[in-house]
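The residues making up each chain are set out below.
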Amino acid sequence: MIVENLLVLLVGIDTAIILAGGYATRLRPLTLTRPKALLPILGKPLLDWILSNLRNAGIKKVYISVRYMSNMIKERYDDGSEYGLKIEYVEEVSPLGDGGPIPLIVERFGINEPFLVVYGDVFSDVSLESFIKFHLERGATASIVLTRVDNPSRYGVAQVGADGRVVKFVEKPQGQPPSNLVNAGFYIFSPELMRYFPVKKPSKLAVDVLPKLVEDGLLSAYIHEGLWLDIGIPKDYLKANLSALKHLMPEGFISPTSEIGDNVEIIKPVFIDENAKIGDNSVIGPYALIGKATIVGNNARIVNSLLLDNVVTESACYLKGAIVGAGSHIGRWVRISPGVVLGDEVRVYDEVFITEDVTILPHKELSDDIIEEGKIIL
């Protein structure tokens, strides 16, 4: 065991499991037409960011647990060679939770050294290289990344002892949380810990596994102080894009292949992707993200909003705090309020007003105002 640990310390960790099989029902309507892991952040799918982070940390082999719309993930990433990785896929025949796929993958592929586990719905700048170094230098058998949040009640909350081990872990506490440190969705496990996992059945790490590791004093805590965003609902997804723009591109980005019309006012930061077109006399930003080949008409105003690829907004539209799905068409003089989420390929006709927090499913046509807050258009 000492020799094995020394070899791992010298070589590092080169294997990771990504959990990307969830239905992401809370992110609908955006996930009715794509898996959560393919939602774009600053123009790139979330999974692109995760794979890049893994590669930069020295990971060579990646096993992706998939289920919902798995063909889209497989088609994009194939064997991983274009991303400098070796990728294999494990298809969940039935939902296994976030705990079930791990022992299945370890057994099927004969993983016999420590490995990373990463959630496929977290956007962050966690230094996986530093996390791996922390784990190996401590000689730990299990480690978890924790991060601080203002409202920990939505997450698994940890209390850390003076020796850096987790001494208490509570999933979504009902009363006073033991701390503001929450599970950030990154782990390192040694294969011998598979005995803590339920055998061949669905399980949840936060309920079925982590408390046992804490009880036996096996879970070390790495504290991340940087960017971290859990993409659970559309509001979180919009926040992730706006925060990424703020932290990673504070001056914004305008693709050299985009076309900016006459007398356009750009209020930084904005993100304008490839082949997008901004019409004359429009005001864009701050915190506006315009997807690939999206066309914004003349005299438009877009702020704190995300327009995915191939959207068309005609002249004199006003969008604030909204998400517009790919391929949607917004008519002239349309006003879209904060919290509105349009699925893909929605058609909104001229002069329509949409009040706050309205959700519209993909492929719908809308010709009348919506004045009922929070309404869902099925």
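Here the structure is shown first, and the text comes after it.
Residues numbered from 1 in each chain as written. Predicted model: local features only at pLDDT ≥ 70, side-chain atom pairs only at ≥ 80, totals over all residues. Heavy atoms only, no water.

When helices and strands are tallied, the chain shows seven helices and 34 strands. By the compact-globule yardstick of 21 Å for 378 residues, the chain fits well, its C-alpha radius of gyration being 22 Å. Here the C-alpha coordinates of the chain stretch approximately 70 × 45 × 40 Å along the principal axes. Within the chain, the proportion of its 378 residues that are buried is 53%. Sequence separation of 24 or more characterises 48% of the internal contacts of the chain that already satisfy a separation of 6 or more. Summing over all exposed atoms, the chain offers an accessible surface of approximately 16,900 Å²; the carbon and sulfur share of this is 49%. Of note, the chain has its 38 positive side-chain charges centred 4 Å away from the centre of its 47 negative side-chain charges. (Helix = DSSP H or I, 4+ residues; strand = E, 2+ residues; numbered from the N terminus. Rg over C-alpha atoms; globule rule 2.2 N^0.38 Å. Buried < 20%, exposed > 50% of the residue type's maximum accessible area, 1.4 Å probe, protein only. Contact = heavy atoms within 4.5 Å. Areas by Shrake-Rupley, 256 points an atom, 1.4 Å probe, with all protein chains shown as cover. Lys, Arg positive; Asp, Glu negative; His and termini not counted. Charge placed at Lys NZ, Arg CZ, Asp CG, Glu CD.)

Another aspect to go through is the pairing of strand 8 (residues 142-148). Burial within strand 8 is extensive, with six of its seven residues counted as buried. One ladder, built from six bridges, connects strand 8 with strand 11 (residues 181-189); its direction is antiparallel. Residue Ala142 lies in a different strand from strand 11, and its bridge partner there is Phe189. One ladder, built from six bridges, connects strand 8 with strand 12 (residues 219-224); its direction is parallel. Counted as the bridge partner of Thr147 is His224 from strand 12. (Pairing = 2+ DSSP bridges.)

Another point: the side chain of Ser328. Looking at the secondary structure, you find Ser328 in the loop between strand 26 (323-324) and strand 27 (329-330). Using a relative accessible area of 1% as the deciding quantity, one classes Ser328 as buried. Within the structure, the side chain of Ser328 is placed 3.0 Å from the backbone oxygen of Gly325, a separation counted as a polar contact. At 3.0 Å, the side chain of Ser328 forms a polar contact with the backbone nitrogen of Val346. Discounting chain neighbours no more than four positions away, the residues touching Ser328 are Asn310, Val311, Val312, Gly343, Asp344, Glu345 and Val346. (Polar contact = N/O pair within 3.5 Å; in protein donor to acceptor, adjacent residues only side chain to side chain.)

For helix 6 (residues 205-215), the complete set of buried residues consists of Leu205, Ala206, Val209, Leu210, Leu213 and Val214. An end-on view of helix 6 places all buried positions within 130 degrees of arc, on one side of the element. Elements in contact with the buried residues of helix 6: helix 4 (101-109), strand 6 (115-119), strand 8, strand 10 (166-171), strand 11 and strand 12. (Arc of directions from axis to C-beta.)

With the rule as written, the count across this model stands at eleven aromatic pairs. Seen in terms of ring centroids, Tyr77 and Tyr83 are 5.1 Å apart; in terms of plane orientation they differ by 55 degrees. Their pairing is tilted. The class of Tyr83 is buried, set by a relative accessible area of 16%. Considering the side-chain rings of Phe131 and Tyr222, the 5.5 Å spacing of their centres and the 50 degrees angle between planes classify their relative orientation as tilted. Here Tyr222 lies in strand 12 and Phe131 lies in helix 5 (residues 128-138), a separation of 91 residues in the sequence. Classification of Tyr222 as buried rests on a relative accessible area of 15%. (Phe/Tyr/Trp six-rings, centres within 6.5 Å; stacked < 30°, edge-to-face > 60°.)

Look at the link from Lys268 to Pro269: it is a cis peptide, with omega at 0 degrees. Within the element layout of this structure, Pro269 appears in the loop between strand 16 (265-266) and strand 17 (270-272). Gly285 connects to Pro286 through a cis peptide bond whose omega is 0 degrees. Inspection of the secondary structure puts Pro286 in the loop between strand 19 (283-284) and strand 20 (288-290). For Tyr287, which is not glycine, the phi dihedral falls at a positive 60 degrees.

Bringing helix 3 (residues 70-77) into the picture now. All of the buried residues in helix 3 are Ser70, Ile73 and Tyr77. Axial view of helix 3: buried residues confined to an arc of 65 degrees, hence all on one face. Among the structural elements, strand 1 (15-20), strand 3 (44-45), helix 2 (46-56), strand 4 (61-66) and strand 5 (86-91) are those in contact with the buried residues of helix 3. Phi for Asp78, located one or two positions after helix 3, is positive at around 45 degrees.

On their own, these measurements won't tell you what the molecule is for.
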